[in-house]
Amino acid sequence: FVCVAEVGSNNSEASTASPIVMVAISLPTASVQGCVSRGHATRTRQTSSIARLVPGSVNVRAGSVKIESLKTGRKIRSSVRKAVTRCETPLSSDEEDGVMSAPDDESLWLDGFEKSNVKPPTPLLDTVNFPIHMKNFNLTQLDQLAKELRADVIYNVCNTGGHLGSSLGVIELTVALHKVFNLPEDKIIWDVGHQAYPHKILTGRRQQMKTLRQTNGLTPFTKRAESEYDPFGAGHSSTSISAGLGMAVGRDLKGKKNNVIAVIGDGAITGGMAYEAMNHAGFMDSNMIVILNDNQQVSLPTQYNMLNQDPVGGLSSTLARLQSNRPLRELRETAKAITKQLPEPIQEVTSKVDEYARGMISGSGSTLFEELGLYYIGTVDGHNLDDLCSILEEVKNTDSVGPVLIHVVTEKGKGYFPAETAQDKYHGVNKFDVASGLQVKPKAKVPTYTQFFADALLAEARVDDRVYAVHAAMGGGTGLNHFEKYFPERCFDVGIAEQHAVTFAAGLACEGLNPFCTIYSTFLQRGYDQVVHDVALQNLPVRFMMDRAGLVGADGPTHAGSYDTTYMAALPNMVVMAPSDEAELIHMVATANAIDWCPSSVRYPRGNGQGVSLEEAGIMADLKGTPLEIGKGRVLRQGKDIALLGFGTGSQYCSLAADILAEHSISATVADARFCKPLDTDLVRRLVKEHGALIIVEEGSIGGFGSHVLQYLATNGHLDGSLKVRAMCLPDKNIDHGDHAWQLQEAGISPRDIAANAVTLLGKKLNVATLA
């Protein structure tokens, strides 16, 4: 490898001259011949495309690529790389037209295994309970292990549901990591953790996979309490590099020598926290490995969105091996140490030559990571176990200082044809039939709250051109993909960047627009400073639509929307609403759109609506809601013995509890607060005046709606007499994943718990255990 640069001085004549760079790259003959031979009839086209794309003299032959040009830059390097790596196995005519047809060979459907929901034969995997059991496997055995592991993941998820596509995409990477590194002494941190199913199977949890996402079963993500092989819990994205760096620095401070590996996807790496961590990692210079799992499913519409991603061919594989070579890296470390002794201008020149040389080898992506202080290696075929094991082994054994980033390209859903060809790559699935790929989705009589929200927002947008939608890489989960079909120019996906989403929406509000910042309750926690500083302090009318509020069943505490009422209602000027059914949600979307003098928020749950009559609620076929009177609740049911005051889903549970109490001759008034802030103090005052006992119910944490009601009652002297009050909310502990009804019981806020509390509060002589 030769690189010669002529750099001008500061005089005007020299500064206008283009730098001269001559680069010659010699490659092993076999690797290039293999690449060209796999191109078949495309060989001549690929050679000519290189000559066409690169200005200057180009000579391509088996064994070497030589480029001579008077100009340098990313465009030339990128063009060469794209042209050369394009000599991959040619597409079929259908694929070239963008149509994916079913494979003629049925073995391609499931990588050689039978298309069936029957447990596949896995003789080699059956011998592996922990990573130590695969240490002596040769490459052939590792390939077979990967096939069996992939089949086992599909078998388990077809029976439980869960995150399939992401797990299938990292099968070979998982096998390679567990082969090369010594877990649990070495630490692997899986970002988000939804791709860790193969990791769970290889680390002693295979027999429990049938309990995945079920009550008292395996968690859907990584969890420290579940296994010593999970060094860091996950669920939210972009945290792995920060956690890994902390572990690496802690290791160094304690004088230990173990490896730390963070595996992060191309979607998660769009999160700003990942870049903050990489910037710090480059500064700290602690040894750690970052693996960028690029599965072409990044949330933003960039080159990784199945549009312009370069294929991984034999050439890039060879270059990745070259860059991971230990002597080369150690030589580079030595060279860096020597150049530090040279005059500063020469240091700058050598640094730039090194950067451009590595850019020619690695592609345009390397420069960014190098600038952040990470040694970049890539791209690497994430489904080639030989390459993965060789590169990981070299990186592990290299005696150098500082973080390394290995750019691995994988295919989400790899090895299962329906997943490979689905638009979402079967990211998250229900139980499904392996033979057909069809998911078992119980036909709901009522659409989900998410669907009602999306339709209600569409109704607002059709009559108000100021309505805009913002989400953070959750177009499907929030329903905004549906909105985008009709208003593509009025819907913004900002990537996994909740902080940016909030402040971006604040900027839209500054321009007189009506932004609906639609983020799961659990994910809005990540943008709370922006909610406070950029929205509430400036009293900007941003509308926060907080989906998945409350307990969320199988996804567990990492995704539960427990805290939003508490953290939103604490802010001055913020209007905080929660619907008790789908009709109320539709009206609250209209209410939020009408509020143009302050910020507002609406929390609504996961799952299907209650099946109420929309027509009776004044909602016609267009699903356009009517703005509610701000700060006014409603009475759902009039009684005389006790008052039950609910907020959001709490109102549903109060109504069911009233039914239970009625069976025991206890008459309960049920009120739906609608608003936590401003609180309907007239309604609260009426309830405590007409009843001697009050129970307040919400599906949120301590400090939320109940606290606001109690604050009002205490401040106004309503607690000075004989009034009995109980506030029921989520307890001060995390509720594990499981069935939603079980979670409500575990939290102590189920309808039966409310009824039992009412019986006790009223001093009735009833056996609480007998309540339905």
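Rules behind the numbers
- Residues numbered from 1 in each chain as written.
- Predicted model: local features only at pLDDT ≥ 70, side-chain atom pairs only at ≥ 80, totals over all residues.
- Heavy atoms only, no water.
- Helix = DSSP H or I, 4+ residues; strand = E, 2+ residues; numbered from the N terminus.
- Buried < 20%, exposed > 50% of the residue type's maximum accessible area, 1.4 Å probe, protein only.
- Contact = heavy atoms within 4.5 Å.
- Expected span 1.5 Å × (residues − 1).
- Pairing = 2+ DSSP bridges.
- Axes fitted to C-alpha atoms, helices over the stretch in contact; angles between N-to-C directions.
- Salt bridge = Lys/Arg side-chain N within 4 Å of Asp/Glu carboxyl O.
- Core = buried A, V, L, I, M, F, W, Y, C linked by side-chain atoms within 4.5 Å.

1. A few points about the overall build of the protein
Along its length, the protein carries 30 helices and 21 strands. Looking at the protein as a whole, 54% of its 772 residues are labelled buried. Restricting the contact set of the protein to residue pairs at least 6 apart, pairs at least 24 apart contribute 75%.

2. Digging into helix α30 (residues 751–762)
Taking 1.5 Å per residue, twelve residues should reach 16 Å; α30 reaches 17 Å between its end C-alpha atoms and fits that length. Taken residue by residue, α30 has Pro751, Ile754, Ala755, Ala756, Asn757, Ala758, Val759 and Leu761 as its buried positions. After α30 finishes, the residue Gly763 shows a positive phi value of roughly 70°.

3. Let's talk about the sheet that holds strand β5 (residues 187–190)
Taken together, the five strands give an open sheet; going across it, the order is β5-β6-β7-β9-β8, and neighbouring strands pair in parallel fashion. Since the sheet does not close on itself, it has two edges, and those belong to β5 and β8 (375–381), each with one partner. Averaged over all adjacent pairs, the angle separating strand axes in this sheet is 20°, with direction ignored. Both β8 and strand β9 (residues 404–409) contribute to a ladder of six bridges, which runs parallel. Note that in β9 the partner of Ile377 across the bridge is Ile406. Most of the contacts of helix α8 (residues 171–180) go to β5, to which it runs at about 160°, and overall it touches β5, β6 (260–265) and β7 (289–294).

4. Overview of the pattern of salt bridges
Under the counting rule described, the total for this entry stands at 26 salt bridges. Note that Arg637 is salt-bridged to Asp659, the shortest N-O span being 2.6 Å. Here the residue Arg637 occupies a position in strand β16 (residues 634–637), and Asp659 occupies one in helix α26 (residues 649–662), the gap between them amounting to 22 residues. A relative accessible area of 29% places Arg637 in the partly exposed class. You can call Asp659 partly exposed: its relative accessible area is 38%. Shared partners join several salt bridges into a network, and the residues in it are Asp581, Glu584, Arg634, Asp672 and Arg674.

5. Quick notes on the nonpolar core
In a soluble, globular protein the nonpolar side chains are often hidden away together inside. Counting 57 residues, the largest nonpolar core has Leu164, Val175, Leu177, Ile291, Ile406, Tyr416 and Phe432 as the members making the most contacts within it. If one sorts the elements of this core by residue count, helix α6 (residues 139–160) sits on top with eight residues. Excluding residues that lie within four positions of it along the chain, Phe432 makes contacts with Asn117, Ile154, Val157, Cys158, Leu164, Tyr416, Leu438, Gln439 and Val440. Core analysis: the second largest hydrophobic core is formed by 48 residues, Ala472, Ala569, Leu571 and Leu723 among them.

Read these as geometric descriptors, not functional statements.
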